[in-house]
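In case you want the letters, here they are:
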Amino acid sequence: MAIEILSEQMCFGGSQGFYRHQSQETGTAMRFSVFVPPQAKSAPVPVLWFLSGLTCTEENFTVKAGAQRAAAELGIMLVAPDTSPRGEGVPGDPDNAYDFGLGAGFYVDATEAPWSTNYRMYSYITRELPTVIQENFPADLERQGISGHSMGGHGALTIALKNPRIFRSVSAFAPIVAPAQVPWGMKALGRYLGTDETAWSNYDACALIRSGHRAPLLLVDQGEADKFLADQLRPDLLEDACAAAGQPLMLRMQPGYDHSYYFIASFIEEHLRWHAQALRMV
């Protein structure tokens, strides 16, 4: 699949690039970023996907998290996709709200019109974009991990739980762990998937765990000063679901930290080192 190079710069001995391609899944042009570490000059390297949250694009993690230095040391390729399809004719939120539609794809394959035509972010992330990466970058897709923030943390957890043979490690920052039970998720799943709440469970980490889906270990960091903690994120629900199902969970509540990228930047190196250890065990 052909890609368009938007920009490429040398970074910590490797390269940081931004790219665009025409997606068959979304029917739109999609942007993504890739950091290629210096080790990729001699051999394919493992890949860590990072899924961003509401209102974000591929730029937020790439520019704000400061992940490239540690990724260069560890030899990990970083891939950051956009959070939704965009472009003329792509429907957004009828009320122009930030928490649905453009910038808020929730990493689902929508089944309800008018969003079902373009909002196929689950298939885009799990099938189409990996093929693009494999064909254009020195990526070892036998060694893949996935992480994300907020809505992207929801995406990382659900995608990893449903695809344990593809994603060998998973972590999240302040994820929406039970979208079927919180306002952000109920709005998005109800519009993308319809009113039958049984369909929502396929995109709900807590529901997936209760139904038997598993990952080797879930690493979750959550700021205790996060203003969305009590109403939207609910890590207690994930803790309860994991305890009941015997799913290993490392939940770290971080005093004083909020929902911002300052929080992500503070702990991203620990996440990268954790993923590197897991991916090298293949």
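Report on the accompanying structure. (Residues numbered from 1 in each chain as written. Predicted model: local features only at pLDDT ≥ 70, side-chain atom pairs only at ≥ 80, totals over all residues. Heavy atoms only, no water.)

**Comments concerning the overall build of the chain**
Stage number 1. The number of helices and strands found in the chain is nine helices and nine strands.
Stage number 2. By the compact-globule yardstick of 19 Å for 282 residues, the chain fits well, its C-alpha radius of gyration being 17 Å.
Stage number 3. Long-range contacts, defined here as pairs at least 24 residues apart, represent 73% of the contacts in the chain between residues at least 6 apart.
Stage number 4. On the chain, roughly 11,200 Å² of surface is accessible, and the fraction owed to carbon and sulfur atoms is 51%. (Helix = DSSP H or I, 4+ residues; strand = E, 2+ residues; numbered from the N terminus. Rg over C-alpha atoms; globule rule 2.2 N^0.38 Å. Contact = heavy atoms within 4.5 Å. Areas by Shrake-Rupley, 256 points an atom, 1.4 Å probe, with all protein chains shown as cover.)

**Considering the side chain of D221**
Stage number 1. For D221, the position within the fold is in strand β8 (residues 218–223).
Stage number 2. Take D221: its relative accessible area is 0%, and that puts it in the buried class.
Stage number 3. In terms of polar contacts, D221 uses its side chain to reach the side chain of R252, at 2.7 Å.
Stage number 4. Setting aside residues up to four positions removed in sequence, D221 forms contacts with A172, F173, A174, P175, R252, Q254, F263, F267 and H271. (Buried < 20%, exposed > 50% of the residue type's maximum accessible area, 1.4 Å probe, protein only. Polar contact = N/O pair within 3.5 Å; in protein donor to acceptor, adjacent residues only side chain to side chain.)

**With respect to unusual backbone geometry**
Stage number 1. Residue P114 is reached from A113 by a cis peptide bond, and omega for that bond is 0 degrees.
Stage number 2. Position of P114 relative to the elements: it lies in the loop between β5 (77–81) and α3 (121–136).
Stage number 3. Despite not being glycine, A174 shows a phi value in the positive range, around 45 degrees.
Stage number 4. You can see A174 is positioned in the loop between β7 (167–173) and α5 (183–193).
Stage number 5. Overall, A174 belongs to the buried group, its relative accessible area being 0%.

**Comments concerning the side chain of K162**
Stage number 1. Relative to the helices and strands, K162 is located in helix α4 (residues 151–162).
Stage number 2. Salt bridges are absent for the buried K162, whose nearest opposite-charge side chain, D109, sits at 7.7 Å.
Stage number 3. With near-sequence residues (within four places) excluded, K162 lies in contact with Y122, N202, Y203, L208 and H213. (Lys, Arg positive; Asp, Glu negative; His and termini not counted. Salt bridge = Lys/Arg side-chain N within 4 Å of Asp/Glu carboxyl O.)

**Let's talk about helix α9 (residues 261–279)**
One full turn of an α-helix is made of 3.6 residues, so residues set three or four places apart face in the same direction.
Stage number 1. Along its length, α9 shows its largest kink, about 45 degrees, at F267.
Stage number 2. Residues of α9 that are buried: Y261, F263, I264, F267, I268, H271, L272, W274, H275, A276 and L279.
Stage number 3. At the N-terminal end of α9, a side-chain oxygen is found 3.2 Å from the backbone nitrogen of Y262, two or three residues along, and the residue is S260. (Bend = angle between axes of the 7 residues up to and from the residue.)

**Section: the packing of aromatic side chains**
Stage number 1. What the rule picks out here adds up to 15 aromatic pairs.
Stage number 2. Consider the rings of Y257 and F263, whose centres lie 6.0 Å apart with planes at 45 degrees: the pair is tilted.
Stage number 3. Of the residues examined, Y257 reaches a relative accessible area of 30% and is grouped as partly exposed.
Stage number 4. The exposure class assigned to F263 is buried, which follows from its relative accessible area of 0%.
Stage number 5. Judged by centre distance (4.9 Å) and plane angle (65 degrees), the rings of Y257 and F267 are edge-to-face. Taken as a pair, Y257 in the loop between β9 (249–254) and α9 and F267 in helix α9 lie far apart in primary sequence, 10 residues in all.
Stage number 6. Classification of F267 by relative accessible area gives buried; the value is 9%.
Stage number 7. Lying over the aromatic face of Y122, K162 brings its terminal NZ or CZ to 4.1 Å of the ring centre.
Stage number 8. The residue whose ring lies beneath R191 is F100, and the NZ or CZ to ring-centre distance is 5.1 Å. (Phe/Tyr/Trp six-rings, centres within 6.5 Å; stacked < 30°, edge-to-face > 60°. Lys NZ or Arg CZ within 6 Å of the ring centre and 35° of its normal.)

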